[in-house]
Amino acid sequence: MGEFELIERFFKRPVRNAVIGVGDDCAIWTPQPGQQLALSSDMLVEGRHFLSTVNPRHLGHKALAVNLSDLAACGAVPRAFLLSLSLPRVDENWLSDFSQGLFELADAHDCELIGGDTTQGPLNISITVMGEVPQGQAILRSRAQVGDDIYVSGHLGDARLALEAFRGNLSLPQAVFDLARSRLERPTPRNFLGVSLRGLAHAMADVSDGLLGDLGHILKASGTGAVLSLPSLSGLMMTNSLWTCPQEWLLRCVLSGGDDYELVFTAPSASRRQMESAASDCGTHMTHIGHITAEPSVRLVDESGAVQIASFPSFDHFA
């Protein structure tokens, strides 16, 4: 099978919203009146971001999910995406499963594939996603205010738990491993929540490299600090319902685990009921974990309010 037959068979679909989609030198997209384009790009590399044994259907899902999560973080509605795919060889079964997982998530968000590239080489998946957000309504990292509550969506730490099990550093009960693995391989991008938080949240980021690191981006951009509640953080793992995570791993996974693709965001304390209502309407669990401070540091406090000293570095490809 040649390159163009591969594209035609597995990735070309009739356009729904684009002017021109897959099959020309450029895709053509016309933003809706009064909307700004939000653009983001992420790359997944075999051996770095995923194991060679991953289910290709799950990989197709995750490749798009990590990009949709960036749009969620600024409150943008997904519209379209470009796919660049490097393949060591043509494996029709793999391509069929990969494209199925990709398009299942794309269709759930009405986000269409409109172009990209394919080449032969090490397995590498790069997606550029496009979204729309009303003029001036994008939620940025730089607008957290002193006194804001800090929230996270969903659950944190389970993806890292699965990774440590794959690495042989942890032995997990089968039910715990299965749930944690699903969080690693099939994250849920919070786009519906991100859109609902426009006009409510002051600042937001997606949690891809670890909570402290990604919250740190908000704090640095806003010139603020934070106090986080350890009791609130310790209840964030989805697998908590199935077992008791060893204490040495719990905070490490939650605070610096990465691969969660949840949202961390800030909002005025007076808006708590509205925030809870927005999360409830989207069917998304949300946890209040702390507040924004003027002092430019992050402090972890226990049940008594005592500050706990700990270091939880976020993921960095080149560190």
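Look a little higher up for the structure.
These numbers come from a predicted model, not from an experiment.

1. What to know about the sheet that holds strand β7 (residues 225–229)
Working step 1: Read from one edge of the open sheet, 7 strands run β6-β8-β5-β9-β7-β10-β11, paired in mixed fashion. The open sheet has two edge strands, β6 (203–207) and β11 (307–308), and neither has a second partner.
Working step 2: Across 4 bridges, the pairing between β7 and strand β9 (residues 286–293) is antiparallel. Bridging from a neighbouring strand, Leu-228 pairs with Gly-290 of β9.

2. Topic: the pattern of salt bridges
Working step 1: On inspection of all chains with the given rule, the structure shows 14 salt bridges.
Working step 2: Between Arg-16 and Asp-110 there is a salt bridge, with its nearest N and O atoms 3.2 Å apart. Of this pair, Arg-16 sits in the loop between α1 (3–10) and β1 (35–45) while Asp-110 sits in the loop between α3 (92–108) and β3 (112–120), and the two are 94 residues apart along the sequence.
Working step 3: Classification of Arg-16 as partly exposed rests on a relative accessible area of 40%.
Working step 4: One network of salt bridges, in which partners are shared, links Arg-160, Glu-164 and Arg-167.

3. Structural notes on the pairing of strand β2 (residues 77–87)
Working step 1: Direction of pairing for β2 relative to strand β4 (residues 124–134): antiparallel, over a ladder of 9 bridges. Directly across from Leu-83, in β4, lies its bridge partner Ile-127.
Working step 2: Here β2 pairs with β3 via 8 bridges, running parallel. In the strand pairing of β3, Phe-81 is matched with Leu-113.
Working step 3: Taken together, β2, α3 and β3 constitute a β-α-β crossover, and its handedness is right-handed.

4. Some thoughts on the nonpolar core
One recurring pattern in soluble globular proteins: nonpolar side chains tend to sit buried together.
Working step 1: Leu-161, Leu-211, Leu-228, Leu-233 and Val-264 are the most contacted members of the largest nonpolar core, which has 40 residues in total.
Working step 2: With 6 residues, the single largest contributor to this core is helix α9 (residues 247–256).
Working step 3: Filtering out sequence-adjacent residues up to four positions away, Leu-233 remains in contact with Leu-211, Leu-228, Leu-251, Val-254, Leu-255, Ile-289 and Leu-300.
Working step 4: Core analysis: the second largest hydrophobic core is formed by 38 residues, Phe-50, Ala-76, Leu-87 and Ile-127 among them.

5. With respect to the packing of aromatic side chains
Working step 1: Taken as a whole and assessed by the stated rule, the structure comprises 4 aromatic pairs.
Working step 2: Consider the rings of Tyr-151 and Phe-265, whose centres lie 5.6 Å apart with planes at 20°: the pair is stacked. Note that Tyr-151 is positioned in strand β5 (residues 149–153) and Phe-265 in strand β8 (residues 262–267), a separation of 114 residues in sequence.
Working step 3: Ring geometry for Phe-166 versus Phe-177: centroids 5.3 Å apart, planes at 75°, classification edge-to-face. Here the residue Phe-166 occupies a position in helix α4 (residues 158–166), and Phe-177 occupies one in helix α5 (residues 174–185), the gap between them amounting to 11 residues.
Working step 4: A residue is classified by how much of its surface remains accessible, and Phe-177, at 15% relative accessible area, is buried.
Working step 5: The residue whose ring lies beneath Arg-13 is Phe-103, and the NZ or CZ to ring-centre distance is 4.0 Å.
Working step 6: If you follow Arg-252 out to its NZ or CZ, it ends over the ring of Trp-249, 4.3 Å from the centre.

6. Observations concerning unusual backbone geometry
Working step 1: Notably, Asp-110 is not glycine yet its phi reads approximately 50°, a positive angle.
Working step 2: On the basis of relative accessible area, Asp-110 is assigned to the partly exposed category, the value being 35%.

7. Comments concerning the sheet that holds β4
Working step 1: With mixed pairing, the 4 strands of this open sheet are ordered in space as β1-β4-β2-β3. The open sheet is flanked by β1 and β3, the only strands paired with a single partner. Going from strand to strand, the sheet's axes swing by 15° on average, the running direction of each strand aside.
Working step 2: Docked against the sheet, α3 engages β2, β3 and β4, running at close to 165° with respect to β2.

8. As for the side chain of Glu-132
Working step 1: Looking at where Glu-132 falls in the secondary structure, it is placed in strand β4.
Working step 2: Among the polar contacts listed, one links the side chain of Glu-132 to the backbone nitrogen of Gln-32, at a separation of 3.0 Å.
Working step 3: The contacts of Glu-132, once residues within four sequence positions are left out, are Trp-29, Thr-30, Pro-31, Gln-32, Gln-35, Gln-36, Leu-37, Ala-76, Val-77, Arg-79 and Arg-198.

9. A word on the packing of α1 against α3
Working step 1: Close contact between α1 and α3 brings their axes to 10 Å; oriented N to C, the two are set at 45°. Overall, the two elements α1 and α3 adopt an arrangement that is oblique. In this structure, α1 crosses over α3, and the sense of that crossing is right-handed. Residue-level inspection shows Leu-6, Arg-9 and Phe-10 of α1 in contact with α3, the latter providing Glu-92, Leu-95, Ser-96, Ser-99 and Phe-103.
Working step 2: Residue composition of the contact of α1 with α3, grouped by class: 4 nonpolar, 2 polar and 2 charged.

Procedures and definitions
- Residues numbered from 1 in each chain as written.
- Predicted model: local features only at pLDDT ≥ 70, side-chain atom pairs only at ≥ 80, totals over all residues.
- Heavy atoms only, no water.
- Pairing = 2+ DSSP bridges.
- Helix = DSSP H or I, 4+ residues; strand = E, 2+ residues; numbered from the N terminus.
- Salt bridge = Lys/Arg side-chain N within 4 Å of Asp/Glu carboxyl O.
- Buried < 20%, exposed > 50% of the residue type's maximum accessible area, 1.4 Å probe, protein only.
- Right-handed = clockwise from strand over helix to strand, strands pointing away.
- Core = buried A, V, L, I, M, F, W, Y, C linked by side-chain atoms within 4.5 Å.
- Contact = heavy atoms within 4.5 Å.
- Phe/Tyr/Trp six-rings, centres within 6.5 Å; stacked < 30°, edge-to-face > 60°.
- Lys NZ or Arg CZ within 6 Å of the ring centre and 35° of its normal.
- Axes fitted to C-alpha atoms, helices over the stretch in contact; angles between N-to-C directions.
- Polar contact = N/O pair within 3.5 Å; in protein donor to acceptor, adjacent residues only side chain to side chain.
- Parallel < 35°, antiparallel > 145°, perpendicular 65-115°, else oblique.
- Left-handed = near helix turned anticlockwise from the far one by under 90°.
- Nonpolar A, V, L, I, M, F, W, Y, C, P; charged D, E, K, R; others polar.

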